[in-house]
Amino acid sequence: MAELPSVERPWRLVLPQALYGRLHRHLFPGDGDEHGAVIAAGLAETNRGVRLLARELYLAVDGVDYVPGKRGYRMLKAGFISDRISGCSEEGLVYLAIHNHGGSDSVGFSSDDLRSHERGYPALLDINRGTPVGALVFAENAIAGDIWLPGERRVTLAGASIIGGSLQNLTPSPTPRSIGRSRLYNRQARLFGDAGQHILGGAKIGIIGLGGAGSLLAEYLGRLGVGEFVLADPDRAEPSNLPRLTAASGFDALVWLANENNPAWLRRLAARLSRPKVALARRNIRRANPNARIDAIFGNFLEPEIAAKFADCDYLFLAADTMRARLLFNAIVHQYLIPGVQVGAKVQVDLASGEVLDVYSVVRPVSPESGCLLCNKLINSAKLQEESVSEEERKGQRYVDEPEVVAPSVITLNAVAVAHAANDFLFYMTGLREPEATQAYMRAQPKCRQTWLDEPRKSPTCPECGGHPKSRLARGDARRLPVVERQTAQPLNRVKG
Ligand SMILES: [Zn+2]
Ligand SMILES: [Zn+2]
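It should be emphasised that the depicted structure is a prediction, and the values quoted were computed from it without experimental measurement.

Peer 1: Lay out unusual backbone geometry with the relevant residues and their values.
Peer 2: Of note in this structure, Ala247 is not a glycine but carries a positive phi near 55 degrees. Here Ala247 lies in the loop between β13 (228–232) and α6 (255–258). With a phi close to 50 degrees, Arg449 is a non-glycine residue in the positive phi region. Relative to the assigned elements, Arg449 resides in the loop between β18 (441–445) and β19 (450–454). Classification of Arg449 by relative accessible area gives exposed; the value is 77%.

Spelled out as C-alpha cells, the structure:
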C-alpha cells in the first residue's frame, strides 16, 4: 500500500446485503455456538473516513477450518488462515478474520481474543505486505473490529453499513441518542421517524447532471432535509431549458440577450454568462435547507478528478444520459460499493415523419448486487465511440446553419422517474423498505398508462460486478476508475436538460 490510511478518521465496514446474509446465517444458525469466517476487503479513504469494502466471504467449516483453540475457545485453523492471507496478499486486499459471540445488540472482543491478535497479527501484516489485517466479532445485531496497520498502529472499527436492500447500520453497542422532532420536518418525520429524519440529515448524496431530472432531484432531496450534496454539470441554463428547471427565471438564462433576433455576438455572450445549472440547483437546495453542505461542481463528471468526488457518497443519482456517464457511474457503484439509480425519460420520434413512437420514464436501481448497467446491456459500445467524437469534429461534420437535433423533453416525464427514484432512496435509507422489495427496473409509459417492471440480469463473468479475481467489485482505491476520454463540450447524445 503506497500511503498508509489515516487512523484519525472513523473506519467503517461496508457489506453488500447478500454477502451479509450468508455470513449471518453461518454465524447464527440457532445453535448458540461460535463460528468463523474470513472477509477479503478493498479499502477506500475519503474525507469522511476509511471504508473497508467487503469483496469476498470465506466461511470456515466447523470442525475442519474452525476448531477448538489451544488458548481460546475456538480458532481458525492455520491452513485456512494461510490460504486466505496469501489470497489477500496477492490481490492487495484487507484480511478480516471473523467470529461471533452470543448476545444481540452489544459485542466486544474478549481478553483471549485480544491476546491472540497480539500474537498473530504482526506476522499477518508482514505477509499482507502492509495492507491492513484485523478481526471482526459479531453479535446478532452488533459488530466490533480491531484493525492493524503497519507501524504498530491500530484502529477500532466505528461500525458497519449493510447496503443494497434496505440500509442497516451496526455498531459495537446501541448508541442512545435523544433526537428531538424538528418543527420543520414534523410531517415527514411521522413517516420516516425522528431517527429516519436524522439519517437523512447525515446523508451525503451525489447528483450527476442537473438538467431536467437532476434539477427536480435537487429540489426534492433538499426539501427532504438531506444534509450533504455533490452536484456536477458542465452546462449553463439556456432559454429552452427553462420549462424544466425548477424555479429558474428568464434572468438565469439571460433570455433577452439570447433572443434569436439579436446579433450573434450578443447571443454568444448570453451562452457564456448565463447561470450554470449546478448554481440553480444549489440555490434551490439552500432555499429549502440553509444548513445543507453543497459541493456544486460546474464541470464534467467524466473528468477523473470530478468523478472521484462522488466516491464517498451514500447514494448516487445518475441524471445525465450519456453512455460515458453510465459507464463511469456503474464503475463507482461497484468499485466503492455505493448504491445508486439511473433516471431518465425518453421520447422516441420517427425522424422522417415526426410521429411519436414511444414515451417512457425509467428508474433503474444499480447496487453492487443487482442492476449492473453493463450486464443489462445499457452501455452501448457503438454509442460510446460516437460520444468520443469531440464537439469540434461534430460541428465540422454539420453544415453551419443546420440546426442541432435536440431530443424532446418534458418536465412531467422527468418528474415521474425522479419521484420514484427519490422514494426508493428514502425508503432504503430510513429502513422502511421491506426486505423482499423488488430491485427491478421500472418503466412507466404514459401513452398506454402502463408501468413495467424488468428484472435485471447479472452475469458472473462481468468485469464490473462479477466475483472473479479480475472484477472491479469492491476494489476501492486500489483500482483506477475507467478513463473516459476527456471532453471539452457537450457529448453527442445528451438529452437536453
Ligand atoms: Zn471471541
Ligand atoms: Zn455486471
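Picking up after the structure, the text goes on.
Peer 1: I'd like a rundown of the coordination of the zinc ion (ligand 2), residues and numbers included.
Peer 2: Only Cys372 (SG), Cys375 (SG), Cys462 (SG) and Cys465 (SG) from the protein reach the zinc ion (ligand 2) as donors, at distances of 2.2 to 2.3 Å. Around the zinc ion (ligand 2) sit 4 donor atoms; with metal-centred angles ranging over 95 to 116 degrees, the donor geometry is tetrahedral. Donor residues for the zinc ion (ligand 2), ordered by position in the chain, follow C-x2-C-x86-C-x2-C. For the pair formed by Cys372 and Cys375, the shared burial category is buried.

Peer 1: Got a sec to walk through the coordination of the zinc ion (ligand 1)? Specific residues and values, please.
Peer 2: Coordination of the zinc ion (ligand 1) by the protein comes from His99 (NE2), His101 (NE2), Asp113 (OD) and Asp113 (OD), over a distance range of 2.0 to 2.6 Å. Classification of the site at the zinc ion (ligand 1) as irregular follows from its 4 donor atoms and the range of 54 to 152 degrees in their angles at the metal. Between consecutive donor residues of the zinc ion (ligand 1), the sequence gaps follow H-x1-H-x11-D. With His101 in the loop between β6 (94–100) and α3 (111–127) and Asp113 in helix α3, this pair connects stretches of sequence that are 12 residues apart. Residue classification places Asp113 among the buried positions, given a relative accessible area of 13%.

Peer 1: Give me the pattern of salt bridges: which residues, what numbers.
Peer 2: Enumeration according to the criterion identifies 19 salt bridges in this entry. A salt bridge links Arg223 to Glu219; the nearest nitrogen and oxygen atoms lie 3.0 Å apart. On the criterion of helical spacing, the pair formed by Arg223 and Glu219 is a turn pair, its members being 4 residues apart in helix α5 (residues 212–224). You can call Arg223 partly exposed: its relative accessible area is 44%. For Glu219, a relative accessible area of 16% translates into the label buried. Of the charged contacts, one joins Glu464 and Arg472 as a salt bridge, the two residues approaching to 2.9 Å between their closest N and O atoms. No difference in accessibility class separates Glu464 from Arg472, as the two residues are buried. Here the salt bridges do not stand alone but share partners, grouping Lys204, Glu228, Arg293 and Asp312 into one network.

Peer 1: Can you break down the side chain of Thr430 residue by residue, with the values?
Peer 2: Looking at the secondary structure, you find Thr430 in the loop between α13 (411–429) and β18. Contact partners of Thr430, with chain neighbours within four places excluded, come to Phe192, Gly196 and Leu200.

Peer 1: I'd love a proper account of the pairing of β19, names of residues and values included.
Peer 2: Pairing of β18 with β19 involves 5 bridges; the strand directions are antiparallel. Its bridge partner being in β19, Tyr441 is matched across the sheet by Asp454. Between β18 and β19, which pair antiparallel and follow one another directly, the connecting turn spans 4 residues, one of which, Arg449, has a positive phi of 50 degrees.

Peer 1: With reference to specific residues and values, describe the pairing of strand β8 (residues 142–149).
Peer 2: Among the 8 residues in β8, 8 count as buried, and that is most of the element. Burial of the side chains of β8 extends over both faces: Ala142, Ala144, Asp146 and Trp148 are buried on one face and Ile143, Gly145, Ile147 and Leu149 on the other. Two strands pair when backbone bridges link them, and strand β7 (residues 133–139) and β8 are joined in this way by 7 bridges, in the antiparallel orientation. Paired with Leu136 across the two strands is Gly145, which belongs to β8. Count of turn residues in the β7/β8 antiparallel hairpin: 2 residues. Strand direction decides the pairing type here: β8 and strand β9 (residues 153–156), joined by 4 bridges, are antiparallel. Residue pairing across strands places Trp148 opposite Arg154, the latter belonging to β9. What sits between β8 and β9 in their antiparallel hairpin is a turn of 3 residues, with Gly151 showing a positive phi close to 75 degrees.

Peer 1: Any chance you could break down the sheet that holds β7 for me, citing the residues and the numbers?
Peer 2: Strand order in the open sheet formed by 9 strands is β9-β8-β7-β6-β2-β3-β1-β10-β11, and the pairing between neighbours is mixed. Bordering the open sheet on either side are β9 and β11 (168–170), each of which pairs with just one other strand. Adjacent strand axes in the sheet meet at a mean angle of 25 degrees when their direction is disregarded. Relative to β6, strand β2 (residues 36–46) runs antiparallel, the two sharing 6 bridges. Looking across to β6, one finds that Ala40 is bridged to Tyr95.

Peer 1: Tell me about the nonpolar core, and please be specific about residues and values.
Peer 2: With 74 residues, the main nonpolar core has Ile207, Leu221, Phe229, Phe301, Phe317, Val343 and Phe425 as its most contacted residues. When sequence neighbours within four positions are dropped, the list of residues in contact with Val343 reads Ala213, Leu217, Leu318, Ala319, Val362, Val363, Ala417, Val418 and Ala421. Among the nonpolar cores identified, the runner-up in size contains 29 residues, and Trp11, Leu52, Val155 and Ile162 belong to it.

Peer 1: Report on the packing of α5 against α13, specifying residues and quantitative values.
Peer 2: A packed helix pair is summarised by two numbers, namely the angle formed by the two axes and the spacing between the axes. Between α5 and α13, the least distance of the axes is 9 Å, while the angle of their chain directions is 40 degrees. Between α5 and α13, the angle falls in the class oblique. Two packed elements cross with a definite hand, and for α5 against α13 that hand is right-handed. Along its contact with α5, which presents Gly212, Ala213, Leu216, Leu217, Tyr220, Leu221 and Leu224, the element α13 presents Ile411, Asn414, Ala415, Val418, Ala419, Ala422, Phe425 and Leu426. Each residue belonging to the contact of α5 with α13 can be placed in one class, and the counts come to 13 nonpolar, 2 polar and no charged.

Peer 1: Run through the environment of Phe301, naming residues and quoting values.
Peer 2: Mapped onto the elements of the fold, Phe301 is located in the loop between β14 (293–297) and α9 (304–307). Residue classification places Phe301 among the buried residues on the basis of a relative accessible area of 4%. Along the primary structure Phe301 and Gly209 are separated by 92 residues, whereas in three dimensions their C-alpha atoms are 8.2 Å apart. In this structure, Phe301 is in contact with Ile208, Ile306, Ala307, Phe310, Ala325, Leu328, Phe329 and Ile332, ignoring residues within four places of it in sequence.

What counts as what
- Residues numbered from 1 in each chain as written.
- Chains lettered and ligands numbered in written order.
- Predicted model: local features only at pLDDT ≥ 70, side-chain atom pairs only at ≥ 80, totals over all residues.
- Heavy atoms only, no water.
- Helix = DSSP H or I, 4+ residues; strand = E, 2+ residues; numbered from the N terminus.
- Buried < 20%, exposed > 50% of the residue type's maximum accessible area, 1.4 Å probe, protein only.
- Donors = N, O, S within 2.8 Å, 3.2 Å for Na, K, Ca; no water.
- Tetrahedral: all angles 85-135°; square planar, octahedral: opposite > 155°, others 65-115°.
- Salt bridge = Lys/Arg side-chain N within 4 Å of Asp/Glu carboxyl O.
- Contact = heavy atoms within 4.5 Å.
- Pairing = 2+ DSSP bridges.
- Axes fitted to C-alpha atoms, helices over the stretch in contact; angles between N-to-C directions.
- Core = buried A, V, L, I, M, F, W, Y, C linked by side-chain atoms within 4.5 Å.
- Parallel < 35°, antiparallel > 145°, perpendicular 65-115°, else oblique.
- Left-handed = near helix turned anticlockwise from the far one by under 90°.
- Nonpolar A, V, L, I, M, F, W, Y, C, P; charged D, E, K, R; others polar.

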